[in-house]
Amino acid sequence: MQSKANTVEEYLAEIPEDRKIVIQKLREVVVQNLPKGFEEVLSYGMLGYVVPHEIYPKGYHCSPQLPLPFFNIASQKNSINVYHMAIYANGDLYSWFVNEYPKHSNAKLDMGKSCIRFKKMDAIPYALIGELMSKINPQQWIEMYENAFVKK
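Residues numbered from 1 in each chain as written. Predicted model: local features only at pLDDT ≥ 70, side-chain atom pairs only at ≥ 80, totals over all residues. Heavy atoms only, no water.

Would you mind going over the environment of leucine 93 with me for this structure?
Along the chain, leucine 93 falls in helix α4 (residues 91-104). By relative accessible area, leucine 93 is classed as buried at 8%. Distance in space between the C-alpha atoms of leucine 93 and valine 22 is 24 Å, their sequence separation being 71 residues. Look past the residues within four positions of leucine 93 in its chain and what remains in contact with it is His84, Ala86, Ile87, Leu132, Lys135 and Ile136. (Helix = DSSP H or I, 4+ residues; strand = E, 2+ residues; numbered from the N terminus. Buried < 20%, exposed > 50% of the residue type's maximum accessible area, 1.4 Å probe, protein only. Contact = heavy atoms within 4.5 Å.)

As structure tokens, this is what we get:
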């Protein structure tokens, strides 16, 4: 369910009513805990939090004209998903999240490489997502990203 919106505001306006409160709450948790330097944008048809070109001029190696992606929130057909690129790039962060998750939610963890799917809206661990967001600043993410994904 990729959005056709062109702005964050348009994206938020088109979210189905039964998910609006959840997406807004996730967005608030992210914005409140996101270290300084990341920027909120519409990225890949989702709410995106990126390292802007002003901080990292090289941009995303797959599409250098795009800023470096860090985190996304998406309303999909059967779930609300978050995508955290550093979980994919950093095994320690991944392990920390997997170990902490059961302390914050009774729902089974449904997770891919960077994608965490929430099919039960009432089981989203907002405090854990907030803590996850606060763990990495843009400079740390750039270093992780270059070590994990950029061929030298």
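Can you help me understand the sheet that holds strand β1 (residues 39-43) in this one?
As summarised here, the arrangement of the six strands in space is β1-β2-β3-β4-β6-β5, forming an open sheet in which the pairing is antiparallel. Bordering the open sheet on either side are β1 and β5 (110-111), each of which pairs with just one other strand. Here strand β4 (residues 80-84) pairs with strand β6 (residues 115-118) via four bridges, running antiparallel. The residue of β6 that forms the bridge with asparagine 81 is arginine 117. (Pairing = 2+ DSSP bridges.)

I would appreciate a short explanation of helix α2 (residues 17-33) in the present structure.
In an α-helix, one turn spans 3.6 residues, which is why side chains three or four residues apart end up on the same side. In this model α2 runs 25 Å from its N-terminal to its C-terminal C-alpha over 17 residues, within 8% of the 24 Å that 1.5 Å per residue would give. Among the residues of α2, those classed as buried are Arg19, Lys20, Val22, Ile23, Leu26, Val29 and Val30. (Expected span 1.5 Å × (residues − 1).)

Could you clarify how one ought to interpret the side chain of lysine 20 in this entry?
Checked against the element boundaries, lysine 20 lands in helix α2. Relative accessible area serves as the criterion here: at 16%, lysine 20 is assigned to the buried category. Within the structure, the side chain of lysine 20 is placed 3.4 Å from the backbone oxygen of isoleucine 15, a separation counted as a polar contact. With near-sequence residues (within four places) excluded, lysine 20 lies in contact with Leu12, Ala13 and Ile15. (Polar contact = N/O pair within 3.5 Å; in protein donor to acceptor, adjacent residues only side chain to side chain.)

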